[in-house]
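Notes for the structure review
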Amino acid sequence: QVQLEESGGELVQAGGSLRLSCTASGRAFSGYTMGWFRQAPGKEREFVATITAWGGGSTLYSDSVKGRFTISKDNTSNTVYLQMNSLKPEDTAVYYCAAGGRIITWKRNPRSYDSWGQGTQVTVSS
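Residues numbered from 1 in each chain as written. Predicted model: local features only at pLDDT ≥ 70, side-chain atom pairs only at ≥ 80, totals over all residues. Heavy atoms only, no water.

Our focus in this paragraph is the overall build of the protein. Secondary structure summary: the protein contains 0 helices and 11 strands in total. Helices and strands in the protein line up, N terminus first, as β-β-β-β-β-β-β-β-β-β-β. In terms of C-alpha radius of gyration, the protein reaches 14 Å, essentially the compact-globule figure of 14 Å for 126 residues. Considered along the principal axes of its C-alpha atoms, the protein spans approximately 40 × 25 × 25 Å. Burial analysis of the protein (126 residues in total) assigns 42% to the buried set. Restricting to contacts in the protein with at least 6 residues of sequence separation, those with at least 24 account for 59%. On the protein, roughly 6,500 Å² of surface is accessible, and the fraction owed to carbon and sulfur atoms is 45%. Separation of charge centres in the protein, based on 13 positive and 10 negative side chains, amounts to 7 Å. (Helix = DSSP H or I, 4+ residues; strand = E, 2+ residues; numbered from the N terminus. Rg over C-alpha atoms; globule rule 2.2 N^0.38 Å. Buried < 20%, exposed > 50% of the residue type's maximum accessible area, 1.4 Å probe, protein only. Contact = heavy atoms within 4.5 Å. Areas by Shrake-Rupley, 256 points an atom, 1.4 Å probe, with all protein chains shown as cover. Lys, Arg positive; Asp, Glu negative; His and termini not counted. Charge placed at Lys NZ, Arg CZ, Asp CG, Glu CD.)

Right, let's get into the sheet that holds strand β7 (residues 69–74). Strand order in this open sheet of 4 strands is β1-β3-β8-β7, and the pairing throughout is antiparallel. Strands at the two margins of the open sheet, each flanked by one partner only, are β1 (3–7) and β7. Adjacent strand axes in the sheet meet at a mean angle of 15° when their direction is disregarded. Both β1 and strand β3 (residues 18–25) contribute to a ladder of 5 bridges, which runs antiparallel. By the bridge assignment, S7 is partnered in β3 with S21. (Pairing = 2+ DSSP bridges. Axes fitted to C-alpha atoms, helices over the stretch in contact; angles between N-to-C directions.)

Under the counting rule described, the total for this entry stands at 1 disulfide. In this model C22 forms its disulfide with C97; the gap between the sulfur atoms is 2.0 Å. Sign of the S-S torsion, about 55° for the bond between C22 and C97, identifies this disulfide as right-handed. Remark: C97 occurs in strand β9 (residues 93–100) and C22 occurs in strand β3; sequence separation between them is 75 residues. Classification of C22 by relative accessible area gives buried; the value is 0%. (Disulfide = S-S within 2.5 Å.)

One pass over the full model with this rule turns up 4 salt bridges. Between D91 and R38 there is a salt bridge; the shortest N-O distance is 2.9 Å. One end of the pair, D91, is in the loop between β8 (79–84) and β9; the other, R38, is in strand β4 (residues 33–39), with 53 residues separating them in the sequence. The salt bridge involving D63 is made with K66; its shortest N-O contact spans 3.2 Å. Residue D63 is classed as exposed on the basis of its relative accessible area of 63%. Among the charged side chains, a network of salt bridges with common partners joins R38, E46, R68 and D91. (Salt bridge = Lys/Arg side-chain N within 4 Å of Asp/Glu carboxyl O.)

The general pattern is negative phi for most residues beyond glycine and trans for most peptide bonds. Although it is not a glycine, N78 adopts a positive phi angle of roughly 55°. Along the polypeptide, N78 turns up in the loop between β7 and β8. Phi at S86 takes a positive value of approximately 50°, unusual for a residue other than glycine. Its location among the elements puts S86 in the loop between β8 and β9.

Read these as geometric descriptors, not functional statements.
Structure representation (structure tokens):
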């Protein structure tokens, strides 16, 4: 089992940038599919981005963040990142990182992931 911890969330102005980090401990995550999800008050947990364990690391993004967010990882440090640019007030949410199996068919479904971090708050002011 892998333990995950997010960091980097804070208050920023609209149009600004943040980089979130998720560090894994307990086991190396080179064999895991990694994902980012977010949850705003009163709303269900929403898919943001994933990166695969195989190949060069194939990525997938939700339509709402395409062109603005970038997911990446460093297997040496067991860290996955979410670079967020051109932030909007509607991006305000608690952001969670997650780990799943080496191959996941339904990558947008949070139930496909086995391990979750505690979450980090991102607030974007208008």
